[in-house]
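Geometric and topological summary
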Amino acid sequence: MDSHTVVRQQAAHDAPTAGKLKPNALGVLGILFFVLSAQAPLTGIAGAVPVSVGIGNGAGVPAAYAAAGLVILLFSVGFVAMGRHVVDAGAFYTYIGKGLGRTTGTGSAGVALFAYCTIQAAMYGLYGSLVSGLVAHHAGLDVPWWVWAVATMVVVQVLGAVGIEMGAKVLAAFVLAEFSILLVFALVTLFKGGGPEGLGFAQSFSPKAALQGAPGVALMFAVASMFGFEATAIYGEEAREPRRTVPRATYLSVAVVTGFFAFVSWMLISSYGASGATAAAGKALESGDATVFVFAPVADQFGSWVNDVLPILLATSLFAGILAFHNSANRYLFSLGREGMLPRRVSTLNKRHSPWVAGGVQTAIAALLVVPFALLGKDPVLTLFSWFSGVAVLGIMLLYFLTSVSVIVYFRRTRLDTRPWNTLIAPALGALGIAGAIWLILANFTTLIGGDSGTATWLALSVPVVLLLGAVTARVVRGEASAAA
């Protein structure tokens, strides 16, 4: 009997409340809403598109989203193939462990937790700042940003403990609202034949357009906007017929997210005219409010009321993303507790089969990441949001790469699936594309975090350090388990 089995049996004996998450709780659409919430469509469009157009490849930004979607789609082929044989809330941790060994797998679990917790903390920074401004504008109350962030942590903790179905319903309402207004704007613009220069398809999707300016910057932000789609596998235990539901949800998520970002960004550029979009985005960036680039044409289309509604939808978009990443992170903690890598109490479930202890730990981590920025008086957008969102993207891309390599190794060894495209060719192409994306992220990391080179260096180094610490922890725990056996 190996140490892994000993640890799991001991955990099952000592903690009877540690078991399976609630089965058959989510269908394809439920999982899709969690993914779209993590994507935070309005946040992604209003935050990333102006930067990509202004300092990236201008009107060619939609092509960058299409290219990023292709890379993620290739990755998804192997990801789905692995998911048919491995169903676990640990997702990346489990998948990487199956192919590259439990030490690397546990190290990757540390990176996954780091990525999900830092992106959530980043969202708290932007969310707190935005809500503080909205309340001051509409109610005349001047409340610090961190008060709203901490109060929302309590709400998120409660929703996470209530159950996955309630979380899915809350997210569905928020996602549909933000998704709908942007999609309707894009469709109206399309049916009107575009802006002053027409639709400008060639100006946004031709190879020449894609490669103009600084395409690496645009591709980097496009890849960052895809963050969160992998959550489809995290909810495998709670899905109805996971071996069918998870693959469908994964491919649907990639298609919807890619299509949405490429289409909406194309229509935004068209509304300005391809020749004037870059200057308009640059002007918005210089003003200090990049969202103007997105909100202005939507308001021109639908009326000035949009300027009051869109900031509120941006806040709910961030809230939805925060809740989605809370659920992803607490399932990693739950899985690690169940595997004996963390104290077994972390895998305790409540009567609703929700990992409420893991949720509490995750909320505590969020507070530990956010509160120091408040105590030091740091700008929540320029530091907390910018720094942590950049490091989270770097961490998750490393996990994509390790997963692609693990898929190839796992199926070459087990031969459980011998389809060359699904288990070798697509994962290899995906790994190459992701490696290229990581190189672009590192080359432009100072731009991504909006900071200086020194800050960029130590933030980038934090990812491999977390991977190493996780791997060392795994070896120590296994050693202790072997000694106990």
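Residues numbered from 1 in each chain as written. Predicted model: local features only at pLDDT ≥ 70, side-chain atom pairs only at ≥ 80, totals over all residues. Heavy atoms only, no water.

Describing helix α5 (residues 92–100)
For clarity, the threshold we go by: Exposure classes here rest on a 1.4 Å probe applied to the protein chains alone. A residue is buried below 20% of its type maximum, exposed above 50%, and partly exposed in between. Comment: elements are numbered from the N terminus, with helices defined as DSSP H or I runs of at least four residues and strands as E runs of at least two.
Most of α5 is tucked away: 7 of the 9 residues are buried. Positioned one or two residues after α5, Gly-101 has a phi angle of 100°, which is positive.

A word on the nonpolar core
Heads up, the rule is: Put simply, a nonpolar core is a bunch of buried Ala, Val, Leu, Ile, Met, Phe, Trp, Tyr and Cys residues held in one set by side-chain atoms that sit within 4.5 Å of each other. Any pair of residues with heavy atoms lying within 4.5 Å of one another is described as a contacting pair.
Core analysis: the largest hydrophobic core is formed by 135 residues, its most contacted members being Phe-92 and Met-397. Per element, the largest residue contribution to this core is 18 residues, and it comes from helix α6 (residues 102–139). Aside from chain neighbours lying at most four places away, what touches Met-397 is Val-223, Ile-434, Ala-437, Ile-438 and Ile-441.

Remarks on the packing of helix α3 (residues 41–55) against helix α11 (residues 215–225)
Quick reminder of the rule: Each axis is a line fitted through C-alpha atoms, and for a helix only the stretch in contact is used; angles between axes span 0 to 180 degrees, taken between their N-to-C directions. Reported orientations rely on four angle classes, namely roughly parallel under 35 degrees, roughly antiparallel over 145, roughly perpendicular from 65 to 115, and oblique for the rest. Handedness of a crossing is defined here by the sense of rotation of the near helix relative to the far one, left-handed for an anticlockwise turn of less than a right angle and right-handed for a clockwise turn. Amino acid classes used here: Ala, Val, Leu, Ile, Met, Phe, Trp, Tyr, Cys and Pro are nonpolar; Asp, Glu, Lys and Arg are charged; the rest, including Gly, are polar.
Viewed as axis vectors pointing N to C, α3 and α11 meet at an angle of 165°, and their least axial separation amounts to 8 Å. Taken together, α3 and α11 sit at an angle that is classed as roughly antiparallel. α3 and α11 meet at a crossing whose hand is left-handed. Touching Ala-48, Val-51, Ser-52 and Ile-55 of α3 are Val-217, Ala-218, Phe-221 and Ser-225, all from α11. Considering only residue class, the contact of α3 with α11 consists of 6 nonpolar, 2 polar and no charged.

Some thoughts on the pattern of salt bridges
Think of it this way: side chains of opposite charge can pair up when their charged atoms draw near. Threshold: A pair is scored as a salt bridge if a Lys or Arg side-chain nitrogen falls within 4 Å of a carboxyl oxygen belonging to Asp or Glu.
Counting across every chain of the model gives 1 salt bridge. Of the charged contacts, one joins Arg-419 and Asp-417 as a salt bridge, the two residues approaching to 2.6 Å between their closest N and O atoms. Judged by relative accessible area, which is 36%, Arg-419 ranks as partly exposed. Note on Asp-417: relative accessible area 8%, which makes it buried.

So, the confidence of the model for the protein chain
Rules: The pLDDT value expresses, per residue, how confident the predictor is, ranging between 0 and 100.
With 85% of its residues at a pLDDT of 70 or more, the protein chain shows a mean pLDDT of 83. When the elements of the protein chain are averaged for pLDDT, helix α1 (residues 3–14) gives the smallest value, 40, and helix α9 (residues 201–205) the largest, 94. Across residues 1–18 the pLDDT falls below 50, and counting only partners more than four positions away or on other chains, this stretch makes 22 contacts in the model.

Re the packing of helix α18 (residues 380–414) against helix α19 (residues 420–443)
When two helices pack together, you describe them by how their axes are tilted relative to each other and by the distance separating the axes. Between α18 and α19, the shortest axis-to-axis distance is 9 Å and the interhelical angle comes to 160°. Taken together, the axes of α18 and α19 are roughly antiparallel relative to one another. Our pair here, α18 against α19, has a crossing hand that is left-handed. Contacts between α18 and α19 involve Val-393, Leu-394, Met-397, Leu-398, Tyr-400, Phe-401, Ser-404, Val-407, Ile-408, Phe-411 and Arg-412 on the former and, on the latter, Thr-423, Leu-424, Pro-427, Ala-428, Gly-430, Ala-431, Ile-434, Ala-435, Ala-437, Ile-438, Ile-441 and Leu-442. Here the contact of α18 with α19 is built from residues that sort into 19 nonpolar, 3 polar and 1 charged.

Describing the environment of Lys-351
On the secondary structure map, Lys-351 appears in the loop between α16 (306–338) and α17 (356–375). Along the sequence, Lys-351 and Val-162 sit 189 residues apart, while their C-alpha atoms lie 9.3 Å from each other.

As for α17
Condition: Expected span, for any helix, means 1.5 Å times one less than how many residues it has.
With 20 residues, α17 extends 28 Å from end C-alpha to end C-alpha; this agrees with the ideal 28 Å at 1.5 Å per step. Within the span of α17, buried status applies to Val-357, Ala-358, Gly-359, Gln-362, Thr-363, Ala-366, Val-370 and Phe-373. In this structure, the buried side of α17 is in contact with α6, α7 (145–162), α16 and α18. The positive-phi residue at the C-terminal boundary of α17 is Gly-377, with phi of around 70°.

Structural notes on the packing of aromatic side chains
Condition: We call Phe, Tyr and Trp rings a pair once their centres come within 6.5 Å, taking the six-membered ring for Trp, and we label the pair stacked below 30 degrees between planes, edge-to-face above 60, and tilted otherwise.
Summed over all chains, the structure comprises 17 aromatic pairs. Taken together, the ring pairs in this structure connect Tyr-65, Phe-179, Phe-260 and Phe-261 into an aromatic cluster.

So, the layout of surface pockets
We count it as follows: Lining residues are defined by having an atom within 4 Å of a point belonging to a cavity or pocket. Those points lie on a 1 Å grid over the protein atoms alone, cavities being sets where a 1.4 Å probe fits but cannot get out and pockets being open sets with protein on both sides within 12 Å along at least five of seven lines. Grid points are joined across faces, edges and corners, and a volume is the space filled by probe spheres set on the points.
The volume enclosed by the largest pocket comes to roughly 1,300 Å³. Together, 42 residues line the largest pocket, and Ala-46, Gly-47, Leu-126, Val-381 and Phe-385 are the ones closest to its centre. For the lining of the largest pocket, the secondary-structure elements that each account for two or more residues are α2 (28–39), α3, α6, α11, α15 (292–302), α16, α18 and α20 (445–449). Its residues assigned to classes, the lining of the largest pocket comprises 27 nonpolar, 14 polar and 1 charged. The wall of the second largest pocket is formed by 17 residues, among which Ala-109, Gly-110, Leu-113, Leu-336 and Val-466 lie closest to the centre. Going through the elements one at a time, α6, α16, α17 and α21 (453–484) are the ones with two or more residues in the lining of the second largest pocket. Top contributing element to the lining of the second largest pocket by residue count: α6, with 6 residues.

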